[in-house]
Amino acid sequence: MGEPELRPLRKDELPQALAVERAAHAHPWSPELLQRELDHDWSTVLCAVLPQDVIAGFAVFWSVHDEVHLLNVAVSPEHQRQGLGRRLLVELERRARAGSAALITLEVRASNEPALALYASQGFREVGRRKRYYSDNGEDAIVMVKELERAA
C-alpha cells in the first residue's frame, strides 16, 4: 500500500470519499452531510491519499474549544486491516494536541467490534451508552473518550 499522505479532503475529491463511505458502511452518510462537513470552519475531513490520488479512507472530526469530536471513520474495504484507520487516528490525535485539545470523544455502534477494538487499542475508554442512538435501526451507541495530557 505504501505510506498514505494524510491531509484535508478537497471538494473535488468528495465523489471518491462518498464511494469509500458507501463501500465501508452499511448505513453511509448522505452526500449532503459529507458536503456540509467540508463547509464548516470547525470541521475537518482528514483523508488518506494513496499514489495516483486514490482516497483510501477518511476521518471526520470537529474541533470545538478544547475538545475534538470524532464523527466518522471510513476505510475502503480493500484497504481495511492494513493500519489505515490507526494512522488516521494517530494524525487526528496529533492535530488535537497541536490545537491544545484536552480530550477526544466519539460514539460508535455497539455492534461494531472492529472499531471498538481499534479505539480501545488507541487509548479510548468507554464512558457511557446512548440507548437507541442510531435512527436507522435503533442500535445503541457506545460513548468513548480519550483524555490528552497537556504540556506543562
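For the structure itself, look to the data block above.
What comes next concerns the included structure. This is a predicted model, so every value here is computed, not measured.

**Focus on the environment of Leu14**
Part 1 of the argument: Within the fold, Leu14 resides in helix H1 (residues 14–24).
Part 2 of the argument: Of the residues examined, Leu14 reaches a relative accessible area of 9% and is grouped as buried.
Part 3 of the argument: Distance from Leu14 to Leu34, taken between C-alpha atoms, is 7.9 Å for residues 20 residues apart in sequence.
Part 4 of the argument: Discounting residues that sit within four places of it in the chain, Leu14 has contacts with Leu9, Leu34, Gln35 and Leu38.

**Things to note about the sheet that holds strand S1 (residues 5–8)**
Part 1 of the argument: Read across the open sheet, the seven strands follow the order S1-S2-S3-S4-S5-S7-S6; overall the sheet is mixed. Edge positions in the sheet fall to S1 and strand S6 (125–130), since each of these pairs with one other strand and no more. Neighbour to neighbour, the strand axes of the sheet diverge by 25° on average, direction disregarded.
Part 2 of the argument: Relative to strand S7 (residues 141–147), strand S5 (residues 103–109) is paired through seven bridges, and the arrangement is antiparallel. Opposite Glu107, over in S7, you have Val143 as the bridge partner.

**Details of helix H3 (residues 84–98)**
Since the α-helix advances by 3.6 residues per turn, residues separated by three or four positions end up pointing in the same direction.
Part 1 of the argument: Between its first and last C-alpha, H3 extends 21 Å over 15 residues, near the 21 Å set by a 1.5 Å rise per residue.
Part 2 of the argument: Looking at H3, one finds that the buried residues are Leu84, Gly85, Leu88, Leu89, Glu91, Leu92, Glu93 and Ala96.
Part 3 of the argument: Looking at the residues trailing H3, positive phi occurs at Ser100, about 65°.

**What to know about the pattern of salt bridges**
Part 1 of the argument: Using the criterion set out here, one finds 16 salt bridges in the structure.
Part 2 of the argument: When the shortest N-O distance is used, the salt bridge between Arg10 and Asp12 registers 3.2 Å.
Part 3 of the argument: A residue is classified by how much of its surface remains accessible, and Arg10, at 39% relative accessible area, is partly exposed.
Part 4 of the argument: Asp12 sits in the exposed class, given a relative accessible area of 56%.
Part 5 of the argument: One salt bridge in this structure joins Glu13 and Arg10, with 3.2 Å as the shortest N-O distance.
Part 6 of the argument: Here the salt bridges share partners, and the residues they tie into one network are Glu5, Arg7, Arg10, Asp12 and Glu13.

**Quick look at helix H4 (residues 113–121)**
Part 1 of the argument: Every buried residue of H4 is accounted for by Ala115, Leu116, Leu118 and Tyr119. Along the axis of H4, the buried positions cluster into a sector of 165°, meaning they face one direction only.
Part 2 of the argument: On its buried face, H4 sits against strand S4 (67–75), H3, S5 and S7.

**Brief notes about the packing of H3 against H4**
Part 1 of the argument: Interaxial distance between H3 and H4 falls to 11 Å at its minimum, and their mutual angle equals 45°. With respect to H4, the element H3 is oriented oblique. When you trace H3 past H4, the crossing you get is right-handed. Listed contacts from H4 to Gly85, Arg86 and Leu89 of H3 are Leu118, Tyr119 and Ser121.
Part 2 of the argument: A class-by-class count of the residues in the contact of H3 with H4 yields three nonpolar, two polar and one charged.

Definitions and limits used
- Residues numbered from 1 in each chain as written.
- Predicted model: local features only at pLDDT ≥ 70, side-chain atom pairs only at ≥ 80, totals over all residues.
- Heavy atoms only, no water.
- Helix = DSSP H or I, 4+ residues; strand = E, 2+ residues; numbered from the N terminus.
- Buried < 20%, exposed > 50% of the residue type's maximum accessible area, 1.4 Å probe, protein only.
- Contact = heavy atoms within 4.5 Å.
- Pairing = 2+ DSSP bridges.
- Axes fitted to C-alpha atoms, helices over the stretch in contact; angles between N-to-C directions.
- Expected span 1.5 Å × (residues − 1).
- Salt bridge = Lys/Arg side-chain N within 4 Å of Asp/Glu carboxyl O.
- Arc of directions from axis to C-beta.
- Parallel < 35°, antiparallel > 145°, perpendicular 65-115°, else oblique.
- Left-handed = near helix turned anticlockwise from the far one by under 90°.
- Nonpolar A, V, L, I, M, F, W, Y, C, P; charged D, E, K, R; others polar.

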